Amino acid sequence: MRFAIGDTDFLLDGEPHRVLSGAIHYFRVHPDLWADRIRKAKLMGLNTIETYVAWNAHAPSPDVFDLTGGLDLGRFLDLVAAEGMHAIVRPGPYICAEWTNGGLPYWLFADGTVGVRRDEPGFLAAVSQYLEQLAPVLVPRQIDNGGPIVLVQVENEYGAYGSDSVYLQKLERMHRAIGLTVPFTSVDQPMGTMLEDGSLPSLHKTGSFGSRSAARLERLRQAQPTGPLMCSEFWDGWFDSWGEHHHTTPASASAEDLDVLLAAGGSVNIYMFHGGTNFGFTNGANDKGVYRPIATSYDYDAPLDEAGRPTSKFHAFRAVIERYAPVPPLPASMEPGGSGRLGSHDRSGDREARVAPASDLAVRLDRVASLRSLLPTLTTWSAHDEPPTFDALGAASGFVLYRAEVDLPTGGVLTVGEEVRDRAVVSVDGVVVGVLEREHHDRAIVLPPVTGTLELLVEDQGRVDYGLRIGEPKGLIGGVAVDGVPLSRWTAAPLALDPIAPSALDALSAAEPTDGEVLAGPTFAAGSFDLDAADDRYLALDGFRKGVAWVNGFCLGRYWSRGPQQTLAIPGPVLRQGRNELVVLELHAAASRTAHLLVQPDLGHTEA
């Protein structure tokens, strides 16, 4: 088969074809759930699945390129093909996506000499290697080779960042050089000169917007007089940042804008069809003067919620699509009020009626060990004249513990020279004395009298994914001083927490159960629970303040009492019938040692 760009339409084997696509990021969904999410996209009436490729997820270090497990992009694309659907792939190299560092590997910028998203030899050499590593996955899966891929996007909303046409030309040539033959696209907001700045005549321009469809398409047509109109990011919701409200958009308003888009003959990629979750430490952040880390949930108020269940938006969009294209029959379980499950759990097979509904479950965290006590199982120390960055230590994310011996009989004012990136818990002799937060532009804290150990436990809360601060290092930037006198002779230890070290889990398992309720952090707490069936659950940590949680060794991500989300998603495939283990790292304090496994999530649905 052949896919091409005609004067007015996309052409599939020479015939006009409308792309009806939905975004599913394979790296935000447990791989055992990929097929389920893809099937549900088809049931909404879509014919195509779009995904970014997260370069930094595949390349945690320069000498590693991982295509296994949840990063098996080839398997994901094969599942799309098995469903009889097409695929749009957006390998970047920059993807934004509210993903840490916008998908760019942290190690690329560790020495400070490599450019970011521009015509610079070091950056382009790394991109070339990345694309060559992707070639065996993408090239044989193009439509003209019998695969599902019909479009490939070059860069991502580049017009909002720069206008280096030489850079774009070199990127395009790199994509062609690895054997990609399908049409190439670009995407930008139809505002100002972004469409022109972010594309080339040889790239088919598409738009990104979520409202005012008619006006946006008019601006797109002005920038590109011929060819099919396409919104390749139809924003049907929005992402959440910690401390803000949970973003929602009315299903009726989104459906109306989708209707206008399709009535104009446009093609669409719904962003997101299913958002998924920022598991582990993968969330990004924004910084437009104030640093705002992205929440763990990437529900996005999408047609398919974080648990993979249809929302009112699913049904509203399906009704719109049905006016322009055939849609398959909807199983009873996917109708309003149904379970949202497919396969063996579909009501049409009467399986659901025979299975008792799951109930909420309390989990007692009765085994406790302080972070300090587990450090030998988690890390090793290195000596430095000044606090090293995460990047210099080879720490892509998570935490670094900085330690210095001090003699301050009258105390003093500790100051970080330039910036805390991103949050530091400050302790003296094991006692927490305060927190420095980048979000509040904190750089100084008063220390009590101390002759002993000063510690700063620094958390990378997410690397900036959009704008000019992409690629910046993490840690205590600019050094540390007390009363203006620089502190030297530091030791530093990165904490490997995703995955958590097996030796740490063994130590927690061996800890004797204890009584009491209050947890004083930073500390680990663990507990066991039994399940009759391994279905999707949500972890509620009421009474806990801030930290990270794991189930059966799988890192669910960060929790934070400031919200908006109040629960962490636990994919069913992570759980098992019988005994399961929950581990929590609480950074501050918890008024309870009881966690709850819920059947329903709480994303903090508070309207703006």
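The structure under discussion appears in the preceding block.
These numbers were taken from a predicted model, which means no experiment stands behind them.

## Thoughts on the overall build of the protein chain
The number of helices and strands found in the protein chain is 12 helices and 36 strands. What you see for the protein chain is a C-alpha radius of gyration of 25 Å, in line with the 25 Å of a compact globule of 608 residues. Viewed in the frame of its principal axes, the protein chain has a C-alpha envelope of about 80 × 60 × 45 Å. Expressed as a percentage of the 608 residues in the protein chain, the buried residues total 59%.

## Here we look at helix H5 (residues 165–177)
In a regular helix each residue adds 1.5 Å, so 13 residues correspond to 18 Å; H5 covers 18 Å between its end C-alpha atoms and thus fits that length. For H5, every residue scored as buried is listed here: Tyr167, Leu168, Leu171, Glu172, Met174 and His175. Along the axis of H5, the buried residues cluster in a sector spanning 160°; they form a single face. Residues of H5 that are exposed and point over 90 degrees away from its buried face: Arg173 and Ala177. Gly179 sits one or two residues past H5 and shows a positive phi near 110°.

## Comments concerning unusual backbone geometry
The amide bond that connects Arg421 to the next residue, Asp422, takes the cis arrangement and shows omega of 15°. Looking at where Asp422 falls in the secondary structure, it is placed in the loop between strand E19 (419–421) and strand E20 (423–428). In this chain, Asp498 is followed by Pro499 through a cis amide linkage whose omega measures 5°. Even without being glycine, Glu155 reaches a positive phi, approximately 55°. For Glu155, a relative accessible area of 1% corresponds to the buried category. The phi torsion at Asp301 lies on the positive side, around 55°, for a residue other than glycine.

## Section: the environment of Val482
Tracing the sequence through the fold places Val482 in strand E25 (residues 480–482). Overall, the relative accessible area of 5% leaves Val482 in the buried class. It is 24 Å that separates the C-alpha atoms of Val482 and Arg372, two residues lying 110 residues apart in sequence. Discounting residues that sit within four places of it in the chain, Val482 has contacts with Leu408, Gly412, Val413, Leu414, Leu447 and Leu487.

## Considering the pairing of strand E6 (residues 86–90)
Residues in a regular strand project their side chains so that they alternate between the two faces of the sheet. The element E6 is largely enclosed, with a buried count of five among its five residues. Covered by surrounding structure in E6 are His86, Ile88 and Arg90 together with Ala87 and Val89, the residues of both alternating faces. As paired elements, strand E5 (residues 48–52) and E6 share five bridges and run parallel to each other. Bridged to Glu50 within E6 is Ile88. Relative to strand E7 (residues 149–153), E6 is paired through three bridges, and the arrangement is parallel. The partner of Ile88 across the bridge, within E7, is Leu151. Regarding the hand of the β-α-β motif, the stretch spanning E6, helix H4 (residues 121–138) and E7 is right-handed.

Rules of the game
- Residues numbered from 1 in each chain as written.
- Predicted model: local features only at pLDDT ≥ 70, side-chain atom pairs only at ≥ 80, totals over all residues.
- Heavy atoms only, no water.
- Helix = DSSP H or I, 4+ residues; strand = E, 2+ residues; numbered from the N terminus.
- Rg over C-alpha atoms; globule rule 2.2 N^0.38 Å.
- Buried < 20%, exposed > 50% of the residue type's maximum accessible area, 1.4 Å probe, protein only.
- Expected span 1.5 Å × (residues − 1).
- Arc of directions from axis to C-beta.
- Contact = heavy atoms within 4.5 Å.
- Pairing = 2+ DSSP bridges.
- Right-handed = clockwise from strand over helix to strand, strands pointing away.

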